[in-house]
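One letter stands for each residue in the lines below.
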Amino acid sequence: MRVSLADAIALLKRGEVVAIPTETVYGLAGDAQNESALHKIYATKQRPANNPLIVHIASAAQVDDFASEFPPLAQKLGLAFWPGPFTLVLKAKPTVSTVVRAGEPTVALRVPAHPLTLQLLQESGLALAAPSANRYTQLSPTTAAHVESSLGQDIPVLDGGACQVGIESTIVSVDGDTWQLLRHGMITQAQIEAIAGKPALAHAMATPKAPGQHLLHYSPRTPTQLFDEYIELQKYAQTHQDCATLLIGNVTTNLNSGFQHCIALSDTPAEVAEHLYESLHKLDQLQASTILIFLPPNLPEWAAIRDRLTRAGYRENF
Ligand code: AMP
Ligand code: MG
């Protein structure tokens with residue numbers, strides 16, 4: 001159900017949840033200070049309660065409402081990347097609901113760059129907890145229609161068009177004068193390093209600190225096979241019926257002409273990110289036997305896209 005900005009504000013103030021556009025993916029928003037709204041987010045998504053939510057704020061001036069410390073390093077990063085697809089995990093004030101931070105001593109904060117959602121944050125005066133507006137482990141939504149097909153037609157959606165960044169924010173935790181990368185995103189590790197003036201502390205991705213790092217995440221319903229070698233993908237397609245294919249990186253048309261259901265994306269990371277979930281949603285709807293994905297090269301600029309695709313392709317133990 002599409003709602004106006006005024007309706008979205010009224011619903012959120014009453015403690016209801018509303019799907020909202022951001023530049024990354026659509027979020028399922030609720031008042032970050034209202035525990036009943038927060039419980040509705042977890043219940044609607046069927047998300048485990050140990051997986052914390054990102055709190056969306058209108059500007060860096062609101063960080064102090066949630067974080068007990070806003071170290072100079074974090075301020076520098078906020079200044080450089082906000083509004084934008086960048087989340088800071090900081091020490092939480094004791095007054096921050098344990099529901100939104102899933103019992104962690106930290107809170108995740110982001111100023112999103114979508115104009116409609118910035119207006120919503122400013123006019124409502126609320127801070128909004130908003131994980132992706134899909135059921136847990138499913139593909140993230142980048143259009144209002146994706147939200148409705150995952151969460152049902154009754155979910156109120158503020159339609160802000162298709163998301164321009166297209167994949168979830170980069171997550172960085174800052175503790176004093178050190179930082180760690182918790183989730184890859186389109187703000188790259190190199191960009192963060194350049195602003196921070198120093199490298200990240202090593203091995204952060206391996207810690208259980210960011211439960212969004214659950215391996216079966218961002219998955220289509222159709223089984224998925226990932227390929228680093230194009231020739232291997234071709235062999236697989238020849239011996240398996242009814243495959244759908246996602247090619248990344250300007251694979252020449254004469255090579256992909258043999259595929260029945262094929263989406264070919266460019267060799268530009270930002271363009272691929274923008275269309276990644278939309279492409280996977282489309283291929284998923286074909287009810288193919290398998291989705292075959294030709295991965296982009298294992299280079300830093302493709303880290304976020306390879307991360308999401310690796311999770312989409314994770315099937316072990318399931
Ligand atoms: P989603 O919005 O669905 O992409 O999920 C938000 C993700 O943000 C979570 O799954 C965590 O990975 C991360 N996150 C949120 N809050 C925290 C926190 N306090 N500490 C570490 N990671 C967090
Ligand atoms: Mg999600």
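Keep in mind the model is a prediction, meaning the values are calculated, not measured. (Residues numbered from 1 in each chain as written. Chains lettered and ligands numbered in written order. Predicted model: local features only at pLDDT ≥ 70, side-chain atom pairs only at ≥ 80, totals over all residues. Heavy atoms only, no water.)

Peer 1: An account of the overall build of the protein chain is requested, with residue identities and associated values reported.
Peer 2: Summing up its helical and strand segments, the protein chain has 11 helices and 12 strands in all. Relative to its length of 318 residues, the protein chain is compact, with a C-alpha radius of gyration of 19 Å against a globular reference of 20 Å. Projected onto its principal axes, the C-alpha positions of the protein chain cover 60 × 45 × 35 Å. Counting over 318 residues, the protein chain shows a buried share of 57%. When contacts within the protein chain are restricted to residue pairs at least 6 apart in sequence, those whose partners lie at least 24 apart make up 68%. As displayed, the protein chain offers around 13,500 Å² of accessible surface, 52% of which is attributable to carbon and sulfur atoms. Across the protein chain, 22 positive and 29 negative side-chain charges occur, with their mean positions spaced 5 Å apart. (Helix = DSSP H or I, 4+ residues; strand = E, 2+ residues; numbered from the N terminus. Rg over C-alpha atoms; globule rule 2.2 N^0.38 Å. Buried < 20%, exposed > 50% of the residue type's maximum accessible area, 1.4 Å probe, protein only. Contact = heavy atoms within 4.5 Å. Areas by Shrake-Rupley, 256 points an atom, 1.4 Å probe, with all protein chains shown as cover. Lys, Arg positive; Asp, Glu negative; His and termini not counted. Charge placed at Lys NZ, Arg CZ, Asp CG, Glu CD.)

Peer 1: Describe in detail the layout of surface pockets, supporting the description with residues and values.
Peer 2: Estimated volume of the largest pocket: approximately 250 Å³. Taken together, 14 residues line the largest pocket, and the ones lying closest to its centre are Ser149, Arg221, His281, Asp284 and Gln285. Elements with a contribution of two residues or more to the lining of the largest pocket: helix H6 (144-151) and helix H10 (269-285). Residues of the lining of the largest pocket, tallied by class, amount to three nonpolar, nine polar and two charged. (1 Å grid on protein atoms, 1.4 Å probe; cavity = no way out; pocket = protein on both sides within 12 Å on 5 of 7 lines; lining within 4 Å. Points joined across faces, edges and corners; volume = space filled by probe spheres on them. Nonpolar A, V, L, I, M, F, W, Y, C, P; charged D, E, K, R; others polar.)

Peer 1: So what's going on with helix H8 (residues 230-239)? Residues and values would help.
Peer 2: Along an α-helix, residues three or four apart share an orientation, since each turn contains 3.6 residues. Listing the buried residues of H8 in full gives Tyr230, Leu233, Tyr236 and Ala237. Along the long axis of H8, the arc covered by the buried residues comes to 120 degrees, so they all point the same way. Those residues of H8 that are exposed and angled more than 90 degrees off the buried face are Ile231, Gln238 and Thr239. (Arc of directions from axis to C-beta.)

Peer 1: Give a detailed account of the pairing of strand E8 (residues 178-183), specifying residues and quantitative values.
Peer 2: With five of six residues buried, E8 is to be regarded as a mostly interior element. Bridging between strand E7 (residues 170-175) and E8 involves five bridges; their strand directions are antiparallel. Within E8, the position partnered with Asp175 by the bridge is Thr178. Counted along the chain from E7 to the antiparallel partner E8, the turn is two residues long, and its residue Gly176 has a positive phi close to 60 degrees. (Pairing = 2+ DSSP bridges.)

Peer 1: Kindly report on the nonpolar core, identifying the contributing residues and their values.
Peer 2: Counting residues in hydrophobic clusters, the biggest one holds 49 residues, and the most contacted among them are Leu77, Leu88 and Leu109. The element best represented in this core is helix H4 (residues 72-81), accounting for four residues. Setting aside its immediate chain neighbours within four residues, Leu88 contacts Phe70, Ala74, Leu77, Gly78, Trp82, Val107, Ala108, Leu109, Val172 and Val174. Core analysis: the next-biggest nonpolar cluster, separate from the first, contains 25 residues, Ala244, Ile293, Trp302 and Ile305 among them. (Core = buried A, V, L, I, M, F, W, Y, C linked by side-chain atoms within 4.5 Å.)

Peer 1: Could you give an account of helix H11 (residues 303-312), with specific residues and numbers?
Peer 2: Counting buried residues along H11, eight of its 10 residues qualify, which places the element largely inside the surrounding structure. Among the residues of H11, Ala304, Ile305, Arg306, Asp307, Arg308, Leu309, Arg311 and Ala312 are the ones counted as buried. Each element contacted by the buried residues of H11 is listed here: E8, strand E9 (224-227), strand E10 (243-248), H10 and strand E12 (290-294).

Peer 1: Tell me about the sheet that holds E10, and name the residues and values.
Peer 2: Across the sheet, which stays open at both edges, the four strands sit in the order E9-E12-E10-E11 with parallel pairing between neighbours. Each edge of the open sheet is held by one strand with a lone partner, namely E9 and strand E11 (261-265). Here the average twist between neighbouring strands, direction ignored, is 15 degrees. Across five bridges, the pairing between E10 and E11 is parallel. (Axes fitted to C-alpha atoms, helices over the stretch in contact; angles between N-to-C directions.)

Peer 1: Got a sec to walk through the pattern of salt bridges? Specific residues and values, please.
Peer 2: A complete count under the given rule lists 12 salt bridges for this structure. Ionic pairing is found between Glu148 and Arg2, a salt bridge with its closest N-O pair at 2.8 Å. Note that Glu148 is positioned in helix H6 and Arg2 in the segment before helix H1 (5-13), a separation of 146 residues in sequence. Classification of Glu148 by relative accessible area gives buried; the value is 9%. We note a salt bridge from Glu23 to Arg110, for which the minimum N-O separation is 2.8 Å. Of this pair, Glu23 sits in the loop between strand E1 (18-20) and strand E2 (27-31) while Arg110 sits in strand E5 (residues 106-110), and the two are 87 residues apart along the sequence. (Salt bridge = Lys/Arg side-chain N within 4 Å of Asp/Glu carboxyl O.)

Peer 1: Explain the packing of H1 against helix H5 (residues 115-124) to me, using residue names and the numbers behind them.
Peer 2: One can describe the packing of H1 onto H5 by two numbers: an axis separation of 10 Å at closest approach and a directional angle of 50 degrees. Here H1 is positioned oblique relative to H5, judged by the angle of their axes. Crossing angle aside, the handedness with which H1 passes H5 is right-handed. For the pair H1 and H5, the contacting residues are Leu5, Ala8, Ile9, Leu12 and Lys13 in the first and Leu116, Gln119, Leu120, Glu123 and Ser124 in the second. Here the contact of H1 with H5 is composed, by residue class, of six nonpolar, two polar and two charged. (Parallel < 35°, antiparallel > 145°, perpendicular 65-115°, else oblique. Left-handed = near helix turned anticlockwise from the far one by under 90°.)

So yeah, pure geometry; function would need other evidence.
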